[in-house]
Amino acid sequence: MRMTPYGRSSSNWGPLMWSAARKRFGNSQQWLAEFYSADYVSAKARFLAACDRLAFAHFPLLVDAPSPTAEPLTIDVAVGGERLPTSALVVSSGVHGVEGLFGSAVQLAFLEKLTQDWHLPAGAAVVLIHALNPFGFAWQRRFNEENIDLNRNFLLAEQPYSGAPPLCEVFRRALKQAPWRFGLQNARIAKLVLRHGVRSCWETLPVGQYEHPDWLFFGGKARSQSAHLLDRLLPMLFDNCQQVVHLDFHTGLGRWANWQLLLSDQDAADNSDWWKNHFSARKVIESASGRGPYEIRGGLGSWLRAQFPNCRYRFATAEFGTYHPIRVLQALTNELHWHEKLGLSHPHHWARQQLTEVFAPHDVHWRTTSLAAGVSLIERAADALWLSAESSEPL
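If you're wondering where the values come from, they're calculated on a predicted model, not measured in any experiment. (Residues numbered from 1 in each chain as written. Predicted model: local features only at pLDDT ≥ 70, side-chain atom pairs only at ≥ 80, totals over all residues. Heavy atoms only, no water.)

### Side note on the side chain of Thr204
Put simply, the rule reads: Only DSSP runs of H or I reaching four residues or more are called helices, and only runs of E reaching two or more are called strands; each is numbered from the N terminus. Residue exposure (1.4 Å probe, protein chains only): buried if accessible area is under 20% of the type maximum, exposed if over 50%, otherwise partly exposed. Polar contacts here mean pairs of N or O atoms no more than 3.5 Å apart (in protein, one a potential hydrogen donor and the other a potential acceptor; neighbouring residues in sequence count only if both atoms are side-chain atoms). Contacts are residue-level and defined by heavy atoms, with any inter-residue pair within 4.5 Å sufficient.
Structurally, Thr204 is set in helix α7 (residues 198–204). For Thr204, a relative accessible area of 6% corresponds to the buried category. Polar side-chain contacts of Thr204 include one of 2.7 Å to the backbone oxygen of Ser200. Setting aside anything within four residues of it in sequence, one finds Thr204 in contact with Pro165, Leu167, Cys168 and Phe171.

### Re the pattern of salt bridges
To keep it simple, the criterion reads: Every case where a carboxyl oxygen of Asp or Glu lies within 4 Å of a side-chain nitrogen of Lys or Arg is listed as a salt bridge.
Applying the stated criterion across every chain, the model contains 19 salt bridges. Among the ionic pairs, Glu203 bridges to Arg199, the shortest N-O distance being 3.5 Å. Residue Glu203 and its partner Arg199 are located together in helix α7, separated by 4 residues, close to a single helical turn. For Asp231, the salt bridge is made with Arg223, and the minimal N-O distance between the two is 3.0 Å. The exposure class of Asp231 is partly exposed, given its relative accessible area of 26%. Among the ionic contacts, a cluster of salt bridges with common partners joins Glu169, Arg172, Arg173, Lys176, Asp214 and Glu340.

### Regarding the layout of surface pockets
Operational definition: Using protein atoms alone on a 1 Å grid, points that fit a 1.4 Å probe yet trap it form a cavity, whereas open point sets bounded by protein on both sides within 12 Å along at least five of seven lines form a pocket; residues with an atom within 4 Å of a point count as lining. Grid points are joined across faces, edges and corners, and a volume is the space filled by probe spheres set on the points. As a working rule, the residues Ala, Val, Leu, Ile, Met, Phe, Trp, Tyr, Cys and Pro are called nonpolar, Asp, Glu, Lys and Arg charged, and the rest polar, with Gly in that last group.
Of the volumes computed, that of the second largest pocket is approximately 350 Å³. The element that contributes the greatest number of residues to the lining of the second largest pocket is helix α4 (residues 134–139), accounting for 3 residues. Taken together, the residues of the lining of the second largest pocket sort by class into 11 nonpolar, 6 polar and 2 charged.

### Here we look at the sheet that holds strand β4 (residues 124–130)
Two orientations exist for strands paired in a sheet by backbone hydrogen bonds: parallel and antiparallel. Heads up, the condition is: For two strands to be treated as a pair, DSSP must find at least two bridges joining them. Angles here are taken between N-to-C directions and fall from 0 to 180 degrees, while the axes themselves are lines fitted to C-alpha atoms, restricted in helices to the stretch in contact.
Here we have 8 strands laid out as an open sheet, ordered β1-β2-β4-β3-β5-β8-β6-β7, and mixed in their pairing. Only two strands of the sheet have a single neighbouring strand rather than two, namely β1 (57–62) and β7 (284–286). Taking the axes of each pair of neighbouring strands and ignoring which way they run, one obtains an average angle of 25° across the sheet. Two strands pair when backbone bridges link them, and strand β3 (residues 87–92) and β4 are joined in this way by 6 bridges, in the parallel orientation. For Ser92, the partnering residue across the bridge sits in β4 and is Ile129.

### Focus: the environment of Val98
Position of Val98 relative to the elements: it lies in the loop between β3 and α3 (100–112). Spatially, the C-alpha atom of Val98 lies 8.7 Å from that of Tyr40, the residues being 58 residues apart in sequence.

### Focus: the environment of Val193
Residue position: Val193 is located in helix α6 (residues 182–196). In this structure, Val193 is in contact with Val198 and Cys201, ignoring residues within four places of it in sequence.

### Observations concerning the packing of aromatic side chains
As a reminder, the rule being used: Stacked, edge-to-face and tilted labels apply to pairs of Phe, Tyr and Trp rings (six-membered ring for Trp) whose centres lie within 6.5 Å, assigned for plane angles under 30 degrees, over 60, and everything in between, in that order. Definition used: whenever NZ (Lys) or CZ (Arg) falls within 6 Å of the ring centre and also within 35 degrees of the ring normal, the charge is taken to sit over that ring.
Applying the stated criterion across every chain yields a total of 18 aromatic pairs. Taken together, the aromatic side chains of Tyr36, Phe102, Phe249, Phe320 and Trp366 make up a single cluster linked through ring pairs. Between Arg367 and the ring centre of Tyr36, over which it is positioned, the NZ or CZ distance is 4.5 Å.

### Here's the deal with empty space enclosed by the protein
Across all of its chains, the model carries 1 cavity of 30 Å³ or more by this definition. Counted as a void, the largest cavity has a volume near 50 Å³. When contributions to the lining of the largest cavity are tallied by element, the ones reaching two or more residues are α11 (325–342) and α12 (350–359). With 4 residues, the single largest contributor to the lining of the largest cavity is α11. Partitioning the lining of the largest cavity into residue classes produces 3 nonpolar, 4 polar and 2 charged.

### A short note on the side chain of Asn147
Mapped onto the secondary structure, Asn147 falls in the loop between α4 and α5 (168–175). There is a polar contact of 2.7 Å between the side chain of Asn147 and the backbone oxygen of Pro213. In this structure the side chain of Asn147 is engaged in a polar contact, spanning 3.5 Å, whose partner is the backbone oxygen of Trp215. Apart from the residues within four sequence positions on either side, Asn147 is in contact with Arg141, Pro213, Asp214, Trp215, Phe218 and Leu336.

### With respect to the confidence of the model for the protein
We count it as follows: pLDDT is defined as a per-residue confidence score from the predictor, taking values between 0 and 100.
Averaged over all residues, the pLDDT of the protein equals 89, while 88% of them reach at least 70. Low pLDDT, under 50, characterises residues 5–17; the predicted model gives this stretch 43 contacts beyond four residues in sequence or across chains. Overall, residues 391–395 carries pLDDT values under 50, and its contacts beyond four positions in sequence, including any with other chains, amount to 8 contacts.

Below you can see the structure in the form of structure tokens.
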């Protein structure tokens, strides 16, 4: 019987909430949908309660931004196991705000699968980073309080917060015009594709731009609050680390309810074989391979690798597909348009609800299938990190 890195047989894990939910739904997989929370406040409360049950250390990082409720906006970092680990499994959620509805559910389900007597190998830790963009999570936005896309904000020290793809202004002018009129928006997108090619869309829109604060995928003009907060905390956790495996959960790209592990050029060059050996090779996508959609600027993974040069830091974006890219783009432009007009005065505006749907679909099959796959990815990452080390396989 295979042993998990937590010192228990995988079939003997004592999932408290999982058992209770199964009793209500019988053999149906609908019980998995129980892990999705209605909003940021409930997601945060459930996450912290699960961490408290398992005696995880808690590091709340306060973000100075308006909240829709009395609940302060915090990035919550929870650490189980060794406080100064030599190896760590890291799972992060919510760098894109509203996508945290899914990432938080995966983190909660993983925690609830652990029993109170769980344990790790010597020197090991599990680090969960909940709601990297709490403002976006709380307000159902993809971007933060400064309209910054955090996954374009983590530039390295030598990289300037300036520049944009050559066609950025062309796409911006075309798609900012009355975006909620779906027929016109589709026509404009089709015209851009016909004139500039499909590849130009991928190379222009999502890669990151630093010139237009009122437009999509804006990486900011300086380091964000979230980046500063992580920069202060993470060295205290990882300075002693020799090995890190990090899964950062995202949604909105790819086929419905299907997952991919996206590697940056740098991570692919160093660790592609490792990811392919431990996960399905066809699911590991390298941005430089031609199979990947694009290579971004200012990504979290590249920044973390640079922060810890003496650590073997393996980072992958765990991406789960939802709707067609055009529908996702429409939702992004609609939400941005109405946010500019109304600000935070209408927290339940239809454009925010539309954005939530494209990044965390309410469809039960999507939710249950994606969540089960997400938890499985975490378990496989733990096995790859710790079981291979115990058997003296090369890391």
